[in-house]
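Examining the three-dimensional arrangement
Letter by letter, the chains look like this.
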Amino acid sequence: MRYVIYGAGAIGGIIGARLQQQGQHVTFIARGATLDTLRRDGLQLRTPETDQILAVQAVGHPREAAITADDAVVLAVKSQDTAAALDALADAAPADVPIFCAQNGVANESQALRRFRRVYGMYVYIFGLHLAPGLVHGYTAPCHGVLDVGGYPDGADSLASWVASDLAGAGFDSLCRSDVMRWKHGKLLANLANALHAACGPGADTSDIYATARAEGEACYRAAGIAWASAEERAQRMAALLPLKQVDGAPFPGGSSWQSLARGTGSIEGDWLNGEITLLGRTHGVPTPVNDFLQQLARRMARERVQPGTMTPDVLRGQLSTAVAIGH
Ligand SMILES: NC(=O)C1=CN([C@@H]2O[C@H](COP(=O)(O)OP(=O)(O)OC[C@H]3O[C@@H](n4cnc5c(N)ncnc54)[C@H](OP(=O)(O)O)[C@@H]3O)[C@@H](O)[C@H]2O)C=CC1
Ligand SMILES: CC(C)(CO)C(=O)C(=O)O
């Protein structure tokens, strides 16, 4: 089975590189400077233990990848890019090609299921960094990350278990789970802090704001009857990854939303992280003022190409109080 990795950034780059190093057949779908770099120079993977450049197969559009139902597509674009990526894929691949969503958030799978018959969720705990085309860093060793796989909306079949076993063979801690979306809903609660880390930096103390964002998320889940993996379950699952190590003598600088600001991409995943909670809140009549604020803050910072970590927690608290006082 070939792995078609859609999106050659932090997560796609690490998963694809590790699968290829394990002898799997891998094709990347990339764009822009990343595509040019992969074709010209290859994919560079730096970790606490290695610095390697891999010659990789990279195409610029799914139609150049001659995808069949015997391939597995690993979707590793940010959620705001999912719809466009799936549109291009649906025009070029059979509807029964399996899609594995290696993404944060919980809305990518349903978008994939609208166009493809076999969709799987992937619970991704990788500490990856992608700031320059064709270059990815991974901050855990010897395990490259946790990647649990399961059917969407639930269940697990032989393909999910096959893929989990390939990922385990490639150095990830990977289980096949029939309740992968319960785990992804748990992770979404942690990712409600992504906007805070992007704004103030991951080291700033914004735990009071995060606690409220998380409580709003949990209230929405309860109102919607959604089950989620607890913080304790998730901490236990990722314990083997910690403590994070350094790459190039430096620690992990910030998560995926922080990286969107650092790269000045002009877009960010907030609508699919905090925005998932505001959507649930509006649907079920649960107030979500903090997530509403963080969603809008993330959009504004991305749009204005603000550098990450440039807002103090006090300035953020002030803006939050004003937004809550005027009701949006
Ligand atoms: N980074 C991390 O440590 C973690 C990330 N995640 C999640 O994993 C997912 C992927 O994130 P991450 O790897 O960080 O994102 P990145 O931005 O690093 O990588 C995504 C890549 O996909 C590319 N892309 C987007 N649309 C297309 C398209 N239509 N065709 C070809 N390439 C495309 C982007 O190109 P371009 O650069 O041009 O935008 C980018 O290179 C997200 O849901 C994120 O939240 C989960 C756990 C940890
Ligand atoms: C790296 C991690 C796990 C936490 O920040 C993440 O999920 C992200 O960057 O979005």
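Attention here is on the structure that accompanies the text. (Residues numbered from 1 in each chain as written. Chains lettered and ligands numbered in written order. Predicted model: local features only at pLDDT ≥ 70, side-chain atom pairs only at ≥ 80, totals over all residues. Heavy atoms only, no water.)

**Here we look at the site of ligand 2**
N104, Y125, I126, F127, K187, N191, N194, F252, G255 and S256 make up every residue found near ligand 2. Between ligand 2 and N104, the relevant distance is 2.9 Å, taken from an oxygen atom to a side-chain nitrogen or oxygen of the residue. One of the side-chain N or O atoms of S256 is found 2.5 Å from an oxygen atom in ligand 2. In the complex, 85% of the free accessible area of ligand 2, which totals 280 Å², lies under the protein chains. Classifying every residue of the shell around ligand 2 gives four nonpolar, five polar and one charged. (Near = heavy atom within 4 Å. Polar contact = N/O pair within 3.5 Å; in protein donor to acceptor, adjacent residues only side chain to side chain. Areas by Shrake-Rupley, 256 points an atom, 1.4 Å probe, with all protein chains shown as cover. Nonpolar A, V, L, I, M, F, W, Y, C, P; charged D, E, K, R; others polar.)

**A word on the packing of aromatic side chains**
What the rule picks out here adds up to seven aromatic pairs. Between the aromatic rings of Y125 and F127, the centroid separation amounts to 5.9 Å while the plane-to-plane angle is 40°, which identifies the pairing as tilted. Both residues of the pair, Y125 and F127, count as buried. Between the NZ or CZ atom of R177 and the centre of the ring of W183, over which it lies, the distance is 3.9 Å. Its end group placed over the ring of Y125, K187 keeps NZ or CZ at 4.5 Å from the ring centre. (Phe/Tyr/Trp six-rings, centres within 6.5 Å; stacked < 30°, edge-to-face > 60°. Buried < 20%, exposed > 50% of the residue type's maximum accessible area, 1.4 Å probe, protein only. Lys NZ or Arg CZ within 6 Å of the ring centre and 35° of its normal.)

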